[in-house]
Structures are given as C-alpha cells and as structure tokens.
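# Structural overview
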Amino acid sequence: MSIQEFIRMDGYGFYIWTSYALALIVLVANLVAPMLARKRLFREIKGAIHRDNMKNVPQA
Amino acid sequence: MWTWFHRFGSPRYFYEFSGKWAPWFGWSSLVCMLIGLYLGLFVAPPDYQQGQSYRIIFIHVPSAWMSLFVYMNMAAAALVALVWRIKVADVVVTSCAPIGASFTFLALVTGSLWGKPMWGTWWVWDARLTSELVLLFLYLGVIALRAAIEDRTDGSRAAGILALVGVVNIPIIHYSVEWWNTLHQGATVSKLDAPSIHISMLLPLLLMAVAFMLYFSMTLLLRARCEIMDRERRSRWVLEVVDGT
Amino acid sequence: MTRNGLGSVFYVVVRRDLLIALRRRNEIANPLIFFIMVGTLFALGLEPGSGLLAKMAPSVIWVAALLGALMSLHTIFRSDFADGALEQFLISGHPTSVLVAAKVVAHWLVTGLPLIAVSPLLAIMLQLPTEAIGPLLLTLLLGTPALSLIGAIGVALTVGLRSGGILLSLVVLPLYVPVLIFGAAAVETAISGLPITAHLYFLGAILLLSLTLAPFATAASLRVSVS
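Residues numbered from 1 in each chain as written. Chains lettered and ligands numbered in written order. Predicted model: local features only at pLDDT ≥ 70, side-chain atom pairs only at ≥ 80, totals over all residues.

## Comments concerning the overall build of chain C
The number of helices and strands found in chain C is 9 helices and 0 strands. Along chain C, helices (α) and strands (β) appear in the sequence α-α-α-α-α-α-α-α-α when read from the amino end. Computed over the C-alpha atoms, the radius of gyration of chain C is 18 Å, within 12% of the 17 Å expected from 2.2 N^0.38 for a compact globule of 227 residues. Along the three orthogonal principal directions, the C-alpha set of chain C runs to about 60 × 35 × 30 Å. Taken over 227 residues, chain C has a buried fraction of 47%. Of the contacts formed within chain C by residues at least 6 apart in sequence, a portion of 80% connects residues at least 24 apart. (Helix = DSSP H or I, 4+ residues; strand = E, 2+ residues; numbered from the N terminus. Rg over C-alpha atoms; globule rule 2.2 N^0.38 Å. Buried ≥ 20, exposed ≤ 12 C-beta atoms within 10 Å, placed from the backbone. Contact = placed C-beta atoms within 7 Å.)

Below, the structure written as structure tokens:
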C-alpha cells in the first residue's frame, strides 16, 4: 500500500484519522494536566515556605 | 498480607510508590500502544464487511471498556473511603473521575465517527452508545459535585457516595437502555458488536486494551499523588520533598 | 404501634412535614402548573393536527413528570437545613434512614400524588388515547415514589450548595433514566393494546430497590452535607 492509499483508507481516512487524533489529544491532555498541576503546586508550596521563613527573620 | 495493602493508606507511602511506578506504567503503555497500533493499522487486513473503517475499533472498544473499568475502580475506592475512612481512597475517587470521563467521551466520539460511514448518521440511539452517554453524565455529576463543595474532604466524600449510587444504577441503566433499544429494532445484535473477530484483529485490540489499562494506571498515580501532596501540604514530609528540589 | 418505637417516630415526621407543606399550599400548586406548562410547550412546538403530538404523548408526559418531580425536590430538605432542624434530626438518636424515609413519604404525598391526579388532564391535552390513561396512572403510581426516593439522595448531596438547583438536575437525571424508559414504554405498549405486566414489574422492582437503598444513601449524604 502506498502512503496515499494508507492515509485515504479507501475513503474512510477522515473518520479513522480523526478518531486516532482525538485519542492522541485525550491521552496527552490527561498526561500533561497532572504534570502542570504538580508544577503549580510546587510553586505554591515553595512560596508558602518562603513567606513563612520571611516571617521568622528578626525584625530590626 | 494485609499490611502490604495497608501501607497504601499512608499518603507519604503512596506518594513515593506512585512516583516510582508511574514511569514504568507509562513506558510499558507506550510500547503496547505502538505494537498494537502497528498490528492494527498495518498488519490487520481490511474487514470484508466494513472495509477499512473498522480500524476505529482499536480506539473505540478499549475506550469503552476503560470507561466502565474506571468507574468500577472509582466506586470501589469510594466504598473503601466510606467504610474505612482512608484519605488515599478518597483521593483515588477524585482522580478517577476526569480520566473516566475522558475515556467515555472518547468512546462516544469514536463510536459516532465509526457510525457515520457505516449507517449514514452522526448519532444513533444504539444501546451501547446511549449507555455510554448516560455514563458520561454520571461521571460529570461526580466531577461537578466535587467541584461545587468547598471543603475538600466533604467534597470527595459526597462525590464518593454519588459514585456508589451510580454504580448500583449502571447495570439497571444498561439493561433498561438495551431493552428500550430492542423494542425498536427487533432482536438484532447491537450494531457495534462484531459477530466474531479474527485473531489478526483481536490481538491489536487486546494490546490496545492493555495499553489503555497501563496508561490509566499511570495517570491515576500522577493525579492522585498531586492531590495528596496538595492535601498534605502542611506536613513535614511534603515540605521536605518540595524543599529538596 | 409502640408509643416510642420507630413507627411513631415515622408517623410524627410524616405528620410534621405534611402540616408544614399544607401551610404553604401555593408551593404544592407550582410543580403542577409547571407540569402542565411543559406539556403545553411541547404541543406548541409541534405542528397542530399532525398526529405527532398523540404519538409523543407518553414520552412527553413522563418527561414532564420527571421535570416536575425535579422542580419540587428541593422542598424535602432545604428549609430544614436552613433553620437547623436537619441537624437536630441527625443528632436525635433515631436512625436517620427512618427519618429520611418519612420525609420522602410526606414529600411524595404532596408532590407525586397531586401530579398523578393531574396527569389525566395533561393526557387529554396531549391527545393520549383514553385506554392508555389507566396504565399511565399505574406507571406514575409506581414511578413517582421512586423519583422522590432517588431525588432525595441528590437533594441531600447538594442541600447546602449555592449552585444547588442545576447541580441537582445534573446529578439526579441520569439516575432517573430507567424509570423514564419503563414508564414511557409501558404507556406506549398500552396504546397498542399489549399487556404491560413486565413493565410494571420492572417499575416495581426499581421502586423496591429505591425504597430499601435510597434512605441509607440519603442519610450518608446528609451527614456529609451537614457536617
């Protein structure tokens, strides 16, 4: 099968490749979302630690 | 034997465990997917009835299986959380919901994309698709309920109860929808059922199913550990982990 | 019936809720008016005289009944939640599921029962064949208590929340699907003259399942919401 035939898939290409593309999007999104959330969480907690440390610095 | 299981109840242990195992699940899922896709798209021949369009099943069927499996997972975790009051189980409930909803959505859309060339319409009130649609609403209800309650613990507990109520309803809904569907179709096989499936198509299908299962394990662990860290953000082990980076 | 047993507790709660509801008589009428209005809207949306209305009647009546039940659900727990009576129920020492069951019974008596009584009116408006009205009443009789019982779970889960109303619908409607399917199908089957015993058995089974499980789920949900 040539590349063009493979993509065309006997005329069903749109349906097949849209399905696979959507699957890819869903899988990547569900992978990226917790990673981003984790980065955000680290930033927040580090910020909180920083603020707590600042409070403990003796005031002049 | 139970002490091994009970360790998972400790947020800190779960955090460490998930960090170690998630990459393994992720990479093995990718390998299975690549092999499955290769077999499904290149090796398997066109179906004699449906031609090339049947290749959507390699996404559609595993998604549909996962959509149900994840719900069962969520309900089991909800039961554990309710009965034994284990925080980690609560977190699993919350983490499962969006993943399950994603799989359900994917199953619906790919089912629709499969149906259009086959039966000429974008949507058909087929028993399986209709059940999936109601399942999506059940997932969305759990997600929405959790989001609407401000207190995080209460929110997960409420979502867990809803998940359990839903799990009791799923067989009832599934049966009633199937019954409703046969009223208007006569005793025909559900349109999305393959009569019997050749090994060249079955193998990639099973591989994709395994791949999706491993993928689910990975994302569940990733989401859950993030949520756990969030909940435990005041405790010493979290501060140590964050400070250590 | 023992003086202080569960039976008298049940009776006391039902009586209390009925008295409260009867003092707010207009609240009883509202869901009924809504019920008729939904049917009217469907009729207005269709071409008059096309015969389509009569064919859709079973489904429209049942959907209207579902929506009517949904509209009236909030009365089960909201006012008690607002004035603290709900907390009193939970710490009273009586099993919460019994109290919940009593409240649901009272709720059904003032919402489901009037809806059943009004349904022949809607049936006539939607041109449902007269021989189907009896079966319609039967299905509603079996179905509306289940709607109240299942709906109570949803109300208990959302009782303190701001977005309560719409969230309640999202949570409860998927659970209503089996009742709708069997109820509407029963009326359709009755129109074609076939027996509906199977449908009634299924509706009855759903009702029994709700009767046994829903109060516990509702009680658990209340404990989360009131905490």
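## Observations regarding the nonpolar core
If you look at the biggest cluster of nonpolar residues, it comprises 153 residues, and the most contacted ones within it are B:Met74, B:Val93, B:Leu145, B:Leu162 and C:Ile61. Ranked by residues supplied to this core, first place goes to helix H7 (residues 199-231) of chain B with 17 residues. Apart from the residues lying within four places of it in its own chain, the contact partners of B:Leu145 are B:Ala158, B:Ala159, B:Leu162, C:Leu157, C:Leu167 and C:Val171. (Core = buried A, V, L, I, M, F, W, Y, C linked by C-beta atoms within 7 Å.)

## Regarding the environment of B:Ser95
Its place among the elements puts B:Ser95 in helix H4 (residues 87-119). Put simply, B:Ser95 and B:Lys20 are 75 residues apart on the chain and 18 Å apart in space, counted from C-alpha to C-alpha.

## Brief notes about the packing of helix H8 (residues 164-191) of chain C against helix H9 (residues 197-226) of chain C
Residue and element names in this part refer to chain C. Where H8 contacts H9, the axes come no closer than 9 Å and their chain directions differ by 155 degrees. The orientation of H8 relative to H9 falls into the category roughly antiparallel. With respect to the hand of their crossing, H8 and H9 are arranged in left-handed fashion. Counted together, Pro178, Val179, Phe182, Gly183, Ala185, Ala186 and Thr189 of H8 and His199, Leu200, Phe202, Leu203 and Ile206 of H9 form the full contact between these two elements. (Axes fitted to C-alpha atoms, helices over the stretch in contact; angles between N-to-C directions. Parallel < 35°, antiparallel > 145°, perpendicular 65-115°, else oblique. Left-handed = near helix turned anticlockwise from the far one by under 90°.)

## Let's talk about the interface of chain B and chain C
Across the boundary between the two partners, chain B contributes 23 residues, which contact 22 residues of chain C. Secondary-structure elements contributing two or more residues to the side of chain B that touches chain C are helix H5 (127-148) and helix H6 (152-185) of chain B. Top contributing element to the side of chain B that touches chain C by residue count: H6(B), with 14 residues. Among the residues forming the side of chain B that touches chain C, the class breakdown is 18 nonpolar, 3 polar and 2 charged. (Nonpolar A, V, L, I, M, F, W, Y, C, P; charged D, E, K, R; others polar.)

## Re the confidence of the model for chain C
Residues and elements named next belong to chain C. Chain-level pLDDT for chain C is 90 on average; 98% of the residues reach the 70-or-more range. The spread of mean pLDDT over the elements of chain C runs between helix H4 (residues 78-82), the lowest at 83, and helix H7 (residues 133-158), the highest at 95. For this predicted complex, the interface score ipTM comes out at 0.88, while the overall pTM is 0.89. (pLDDT = per-residue confidence, 0-100.)

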